[in-house]
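Examination of the molecular architecture
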Amino acid sequence: MPRIIRFLVIVAAWLGGLPAQAKITVVATIPDLAEFARRIGGDAVEVTSLATGVENIHSVPMKPSFAVLLNRADMVVLLGLEAEHAFLPALLEASRNPRIQRDTPGYIDCSKYVTVLDVPTRIDRALGDLHPMGNPHYNLDPVAMKAAAQAIAEGFARNHPEHESTFQTNVSALQADLDAQVARWTRKAAPLKGKTLVSYHPDFIYFADRFGMNVFGTIEIRAGIDPTPGYTEELIERMRRAKVDFVVRELYYPATLAETIAQQTGARLLETANMVGGVPAAKDYVGLIDYNLQLFLMALQSRP
Amino acid sequence: MGFSLRDCQPRHTGVAMCLGLILSGSGALGQTVEDLRRDLQAMKAQLQQLQEKMKQQENLIEKLSAQAGGPAAAAAPGTTMPPAGAAPEVAAPSSAPAPEQEQLERRVTENILRKIQPTLSAATRTFPSQFNPALSLALDTVGSYKENRGANFEFRSAELGLFASVDPFARGYAYFNGTNSGVEVEEAAIVTTSLPYNLTAKGGRFFADFGRLSKWHDHDLPFVDRPTVLDKFVGGESQADGVEVNYLTPLQQYVTLTLGAYNKIGADNRQTDNATGRPFSQFTYLVRPSTFINLTDANGIDLGGALAYTPKVETFAFDTGVQAGNGAARYLGGLDLTYRYTPLSQALYRKFIWGTEVLYNSEDWNVEDTTTPAFRRADAFGLYSYVEARLARRYGSGFLFDYEQALNRQSGDTTTYSPYFSIWFSEYQRLRLQYTYLTEPGDHESQFFVQWTGVLGSHAHGFRDR
């Protein structure tokens, strides 16, 4: 290669900010998936999360700096089921990275093997801000996250078959860890079996289903539609009659209304984290599930 | 300040006819879509039944494995089997399974896959309409009362949007806008999706990358009307027929550069007729760098500059007979800054935004009449600045200040002050109340607006309109 061309290639690589021995660059949409991606990818990957964990997945800001991160990414890892529709499609377009556009090999949709709950039988905005492919908040179900891990490992291997055995070994270890934790959580959550809850948004159905609880309803009239005073009154009345056990307020929803509903119905109020990093105690995935389970159990033991 | 003034441009009746064909065919299409929806729902129900069956089968495998004394090798509840055609994959067991167990697993898997294969094939079968573009319809209507002009209900816009991929290399989109004046093609462009070196090229009719709010559709604006400085200096929306190339630099900092060439910029710009040819010196050329400064997780600033250069503006006349252009160049420059505060954990409920654009125009104007024209260079300056705070999930209020000098500097300045209040019933429906105090040469006026906007159909959060 002529010397001048070699020089220009080196300058271009320097401008791109790439180290000499580049790791596989992965961008995950939420910290839960970022943690799994790190565990599965090991030393071969460098992972960044777009969300920090405190956000509502439906309102992660669409920052141009995210477009730069995605522009450099070899793969993007996402929950799927349109969970990230408020920010990811536009950012992928702005990133101009053909390797990670929708349905390319670098687009790793972790919902691939998840048994999806709450699939709507009718798609109509009159029913609120529906997710047409089903409820996407499966990151709160550790068994569904085992399936997500499988999708991540597969996606990594598809793009980098030279590391397939490493990815497979790591995902097996991760899934074995999760199996052990699920067994522990299932024993710990035994007192919650049959209990009922109302959450602000329908994002606790996977958690409830996993640990034997029933979702009575939501504070939102419909997904994404804030309650009216009339609806709230009616909800309180129904909750009283049904003796609902818990009111779940995800930390990014307003406190006052949830507190009022809990007071007026006698249900115990819990303020949950919905992603890794949502609260300091939820510094990893095990910590997230532990934190939320502990909240439920402490609330059960406390006076209403 | 008033409504966006659109001169009566020649309307393309062919577009209206095409729209009529699309809408008249929607009866037959709607029926087919209904049938398809029903079929899909039936298939979804069948799939769910099959998934339950698979769960039962997996539990059986676990039971049999336990009886056989081997480790549980089946996937745990909550997972689904890989789709047909893919090698079935399960989590690796902690020790090697017995051969009989492996055989049993294989037989069960094959049995299940055989049973669900027809349903899976049906689900992936293509329908003729599957390649149809996504559709959206934005409806925008305004009621107004202006002190000196009276009241009016203005049907502002029914804007039909279509978007789809063209092929692996490009996507296309179009907006057809129906207003009081007729139907026009507001935008229709092809955009590349796979050019190398972080390049994107766009060609057709689109909103040129000048400034910030000139690129927004009317119904998306943060206030009822576009700031008059943009109406006067840019010509309303920065609609342009031409070609544009955008480059995302390989820096760690987000920096983009746009270069464009167009017949003209501005939907209401009368300098050039899109239908007739002209020398290259009468095209308008644009350069725009922009960047984003991430101050903290919750604070950021978008910053941009733009220069639209027309080497030669030939003489043209407004409806009033006023002439402009004498072959001299026109320079239209702008600086735009947008500051956002979005607390990450409260982004649905709390936001603050400050947006400002400063514009500068320099061109020759005829300061006499058509029989004895006398052209003089006029440099004019204008700006708008607004602040908006989201007070709750569904309420927000703001204030807009708008100032511009007359482009030909032959008359006084125009200023508006506009407080406004928005109510979002949902992400797709909004009510807005706005008061505007307008001061223009020889006149001042109080204006009241109520705007009601709704969006139907496919919904995508755009990067341009964030």
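Residue positions are given per chain, counted from 1 along the sequence in the order it is written. The lettering of chains begins at A and the numbering of ligands begins at 1, in the order of writing. Where totals are concerned, whole chains, interfaces and linings use all residues; where local detail is concerned, this predicted model gives features only for residues with pLDDT of at least 70, and gives and counts side-chain atom pairs only at 80 or more. Side-chain measures here rest on the full set of heavy atoms in the structure, leaving out hydrogens and waters.

Elements are defined by DSSP. Helices are runs of H or I of four residues or more, strands are runs of E of two residues or more, and each kind is numbered from the N terminus. Counting its secondary structure elements, chain A contains 10 helices and 8 strands. For the radius of gyration, the atoms used are the C-alpha atoms, and the globule rule reads 2.2 Å times the number of residues raised to 0.38. Here the C-alpha atoms of chain A give a radius of gyration of 21 Å, agreeing with the 19 Å that 2.2 N^0.38 yields for 304 residues. Taken along the three principal axes of its C-alpha coordinates, chain A extends 80 × 40 × 35 Å. Approximately 12,500 Å² of chain A is accessible, and the part contributed by carbon and sulfur atoms is 57%. In this description, accessible areas are obtained by the Shrake-Rupley approach with a 1.4 Å probe, and a residue is regarded as covered only by the protein chains that are shown.

With that settled, the discussion passes to the sheet that holds strand E7 (residues 246-250) of chain A. Residue and element names in this part refer to chain A. Reading across the sheet, the 4 strands line up as E6-E5-E7-E8 and stay open at both edges, with parallel pairing between neighbours. The open sheet terminates on both sides in strands that have one partner only, identified here as strand E6 (214-218) and strand E8 (268-272). Here the average twist between neighbouring strands, direction ignored, is 30°. Paired strands are those between which DSSP finds at least two bridges. When strand E5 (residues 196-199) meets E7, the two strands line up parallel, connected through 3 bridges. Along E7, the bridge assignment pairs Ser 199 with Val 248. The sheet contacts of helix H8 (residues 229-242) involve E5, E6 and E7, and relative to E6 the element is tilted by about 155°. Note on contacts: a residue pair qualifies if any of its non-hydrogen atoms lie within 4.5 Å across the two residues. Inter-axis angles, ranging from 0 to 180 degrees, are taken between N-to-C directions of lines fitted to C-alpha atoms, where helices are fitted over the stretch in contact. Contacts between helix H10 (residues 285-301) and the sheet are confined to E5, E7 and E8, with E8 contributing the most and set at about 165° to the helix.

In this section: unusual backbone geometry. We note that A:Leu81 has phi near 55°; this positive angle belongs to a residue other than glycine. Looking at the element boundaries, A:Leu81 is found in the loop between strand E3 (75-78) and helix H4 (88-95). The rule is simple: take the accessible area with a 1.4 Å probe, protein chains only, and divide by the maximum for that residue type; under 20% is buried, over 50% is exposed, in between is partly exposed. We classify A:Leu81 as buried; its relative accessible area is 6%. One non-glycine residue, B:Arg409, adopts positive backbone phi at about 55°. In this structure, B:Arg409 sits in the loop between strand E15 (395-404) and strand E16 (414-426). We classify B:Arg409 as partly exposed; its relative accessible area is 40%.

To continue, consider the pairing of E8(A). All names here are of chain A. Taking every second residue as pointing to the same face, the buried face of E8 carries Arg 268, Leu 270 and Thr 272, while none of Leu 269 and Glu 271 on the other face is buried. As defined by bridge partners, E7 adjoins E8 across 5 bridges and the pair is classed as parallel. Note on E8: the bridge partner recorded for Arg 249 is Glu 271. For crossovers, right-handed means that the path from the first strand over the helix to the second runs clockwise, given strands pointing away from the viewer. Since E7 and E8 lie parallel, the crossover through helix H9 (residues 255-265) that links them has a hand, and here it is right-handed.

Attention shifts here to the interface of chain B and chain A. Chain B puts 51 residues into the contact, and the matching count from chain A is 54 residues. Carbon and sulfur atoms supply 52% of the area that chain B and chain A bury against each other, a total of about 4,300 Å² over both sides. In the sections that follow, a salt bridge refers to a side-chain nitrogen of Lys or Arg positioned within 4 Å of a carboxyl oxygen of Asp or Glu. Applying the counting rule to chain B against chain A returns 3 salt bridges. Taking the shortest distance from any N to any O, the salt bridge between B:Arg393 and A:Asp226 comes out at 2.9 Å. Any pair of nitrogen or oxygen atoms within 3.5 Å is treated as a polar contact; in protein, a donor-acceptor pairing is required on top of that, and neighbouring residues in sequence qualify only through side-chain atoms on both sides. Between chain B and chain A we count 15 residue pairs in polar contact (both at pLDDT 80 or more) in total. Where the side of chain B that touches chain A is concerned, the elements lending two or more residues are helix H2 (26-68), strand E5 (199-207), strand E6 (239-248), strand E8 (284-294) and strand E18 (443-457) of chain B. The classification used treats Ala, Val, Leu, Ile, Met, Phe, Trp, Tyr, Cys and Pro as nonpolar, Asp, Glu, Lys and Arg as charged, and all other residues, Gly among them, as polar. Broken down by class, the residue content of the side of chain B that touches chain A amounts to 22 nonpolar, 20 polar and 9 charged. For any pair of parts, buried area is found by adding up, for both, the accessible area (1.4 Å probe) each one loses once the two are put together.

This next bit is on the packing of helix H2 (residues 31-41) of chain A against helix H5 (residues 142-159) of chain A. Residue and element names in this part refer to chain A. In the contact formed by H2 and H5, the axes pass within 10 Å of each other and the chain directions differ by 55°. On the basis of their axis angle, the class for H2 and H5 is oblique. Considering how the two elements wind past one another, H2 and H5 form a crossing that is right-handed. Where H2 abuts H5, its residues Asp 32, Leu 33, Phe 36, Ala 37, Ile 40 and Gly 41 lie against Met 145, Ala 149, Ile 152, Ala 153 and Phe 156. In what follows, roughly perpendicular refers to angles from 65 to 115 degrees, roughly parallel to angles under 35, roughly antiparallel to angles over 145, and oblique to any angle outside these ranges. In this scheme, a crossing is called left-handed if the near helix is turned counterclockwise away from the far one by less than a right angle; it is called right-handed if the turn is clockwise.

A rise of 1.5 Å per residue sets the reference length of H10(A), with its 17 residues, at 24 Å; its end C-alpha atoms lie 25 Å apart and thus fit the reference within 8%. Within H10(A) the residues assigned to the buried category are A:Tyr285, A:Gly287, A:Leu288, A:Ile289, A:Asp290, A:Asn292, A:Leu293, A:Phe296, A:Leu297 and A:Ala299. Multiplying 1.5 Å by the residue count of a helix minus one yields the expected span of that helix.

It is worth spelling out the sheet that holds E3(A) at this point. All names here are of chain A. Spatially, E2-E1-E3-E4 is the arrangement adopted by the 4 strands of the open sheet, whose pairing is parallel. Of all the strands in the sheet, the pair left with one neighbour each is strand E2 (45-49) and strand E4 (107-109). On average, adjacent strands in this sheet sit at an angle of 20° to one another, irrespective of strand direction. Strand direction decides the pairing type here: strand E1 (residues 24-28) and E3, joined by 3 bridges, are parallel. Looking at E3, one finds that Val 26 is bridged to Met 75.

Within this scheme, the nonpolar core is defined by two criteria: the residues are buried Ala, Val, Leu, Ile, Met, Phe, Trp, Tyr or Cys, and they are joined through side-chain atoms within 4.5 Å. Core analysis: the biggest nonpolar cluster contains 90 residues, and A:Tyr138, A:Phe156 and A:Phe296 have the highest contact counts within it. If one sorts the elements of this core by residue count, H5(A) sits on top with 10 residues. Those residues within four positions of A:Tyr138 in sequence are excluded, and the remaining contacts are A:Leu78, A:Leu79, A:Leu81, A:Cys110, A:Ser111, A:Val114, A:Ala144, A:Met145, A:Ala148 and A:Tyr206. Formed by 32 residues, the second largest nonpolar core is a distinct cluster that contains B:Tyr173, B:Phe210, B:Ala240 and B:Ala308.

All right, on to the packing of H5(A) against helix H6 (residues 164-188) of chain A then. All names here are of chain A. It is at 10 Å that the axes of H5 and H6 come closest, and there the two elements cross at 175°. In terms of axis orientation, H5 runs roughly antiparallel to H6. Of the residues in H6, those in contact with Pro 142, Val 143, Met 145, Lys 146, Ala 149, Gln 150, Ala 153, Phe 156 and Ala 157 of H5 are Glu 164, Phe 167, Gln 168, Val 171, Leu 174, Gln 175, Leu 178, Asp 179, Val 182 and Trp 185.

Residue and element names in this part refer to chain A. By convention, a stacked pair of Phe, Tyr or Trp rings (six-membered ring in the case of Trp) has centres within 6.5 Å and planes under 30 degrees apart, an edge-to-face pair has planes over 60 apart, and any other such pair is tilted. For the coordinates displayed, the defined rule picks out 26 aromatic pairs over all chains. Relative to Tyr 285, the ring of Phe 36 lies with its centre 5.3 Å away and its plane at 75°, an arrangement referred to as edge-to-face. Residue Phe 36 is located in helix H2, and its partner Tyr 285 is located in helix H10; the two are separated by 249 residues in the primary sequence. Taking 6.1 Å as the distance between ring centres and 45° as the angle between the ring planes, the aromatic pair formed by Phe 204 and Phe 296 counts as tilted. Placement of Phe 204 in the loop between E5 and helix H7 (205-210) and of Phe 296 in helix H10 is noted, with a sequence separation of 92 residues between them. One exposure class covers both Phe 204 and Phe 296, and it is buried.

Treat this as a map of the structure, not an account of what it does.
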